[in-house]
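Architecture at a glance
Read off the chains here:
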Amino acid sequence: LRVPNFLEYVCSPVLQGLDDRHPYVRRTAVMGVLKIHHIDQAMVENTGLLEKVARMLRSDSDPQVLANCLTVMMQINDPKEVAEKA
């Protein structure tokens, strides 16, 4: 979907989804971070989405959320960096 200013409307719900109490919402929002990254890398860095996913990787209690966080971090960063930070 190529809509001008589309990402402006998507980032806020994804950020809210990362803090949701339901694991399904969190793991879906984590994958949304990867999709946003594929469209605009700078937006992910500027909005703090990647840092939020990294914190979730260390603190979330749901295994599926953690698996998605790890997938996103390994797709975006060098796998060696992810292993060193974890």
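Now for a quick tour of the structure. Quantities reported herein were computed from a predicted structural model and do not represent experimental measurements. Along each chain, residue indices are assigned from 1 in the same order as the chain's sequence is written. The predicted origin of the model limits local features to residues at a pLDDT of at least 70 and limits the giving and counting of side-chain atom pairs to 80 or more, whereas totals for whole chains, interfaces and linings rest on all residues. The side-chain quantities take in all heavy atoms of the structure and omit both hydrogens and water.

Brief notes about the side chain of Asn68
Helix numbering and strand numbering both begin at the N terminus, where a helix is a DSSP run of H or I of at least 4 residues and a strand a DSSP run of E of at least 2. Its location among the elements puts Asn68 in helix α5 (residues 63-76). Asn68 sits in the buried class, given a relative accessible area of 18%. Here, residues are in contact when the closest pair of their heavy atoms is within 4.5 Å. Beyond its immediate chain neighbours, meaning those up to four positions away, Asn68 contacts Arg27, Val30 and Met31. Summary of the burial criterion: residues with accessible area below 20% of their type's maximum are buried, those above 50% are exposed, and those between are partly exposed, where the area comes from a 1.4 Å probe applied to protein chains only.

Quick look at the packing of helix α1 (residues 6-18) against helix α2 (residues 23-39)
To obtain each axis, a line is fitted to C-alpha atoms, and for helices this fit is confined to the stretch in contact; angles are then taken between N-to-C directions over 0 to 180 degrees. α2 packs onto α1 with a crossing angle of 145° between their chain directions and a minimal axis gap of 8 Å. Like other packed secondary-structure pairs, α1 and α2 cross with a definite hand, here left-handed. Contact residues: α1 offers Leu7, Val10, Cys11, Val14, Gly17 and Leu18, while α2 offers Val25, Arg26, Ala29, Val30, Gly32, Val33, Ile36 and Ile39. Note on residue classes: Ala, Val, Leu, Ile, Met, Phe, Trp, Tyr, Cys and Pro are nonpolar, Asp, Glu, Lys and Arg are charged, and everything else, Gly too, is polar. In the contact of α1 with α2, the residues fall into 11 nonpolar, 2 polar and 1 charged. In this scheme the crossing of two helices becomes right-handed for a clockwise turn of the near helix relative to the far one and left-handed for an anticlockwise turn of less than a right angle.

Notes on the nonpolar core
To define a nonpolar core, start from buried Ala, Val, Leu, Ile, Met, Phe, Trp, Tyr and Cys residues and group those joined through side-chain atoms within 4.5 Å. Among the nonpolar cores identified, the biggest contains 21 residues, and Leu18, Val30, Val33, Ile36, Leu49, Val53 and Val72 are the most heavily contacted of them. Contributing elements (two or more residues each) for this core: α1, α2, α3 (41-46), α4 (49-59) and α5. Dropping the residues within four chain positions of it, Val33 is found in contact with Val14, Leu18, Val44, Leu49, Val53 and Val72.

A word on the pattern of salt bridges
Whenever Lys or Arg places a side-chain nitrogen within 4 Å of a carboxyl oxygen from Asp or Glu, that contact is recorded as a salt bridge. Under the definition given, this model contains 2 salt bridges. We note a salt bridge from Arg26 to Asp60, for which the minimum N-O separation is 2.8 Å. Taken together, the positions of Arg26 in helix α2 and Asp60 in the loop between α4 and α5 put the pair 34 residues apart, joining distant regions of the chain. Classification of Asp60 by relative accessible area gives buried; the value is 16%.

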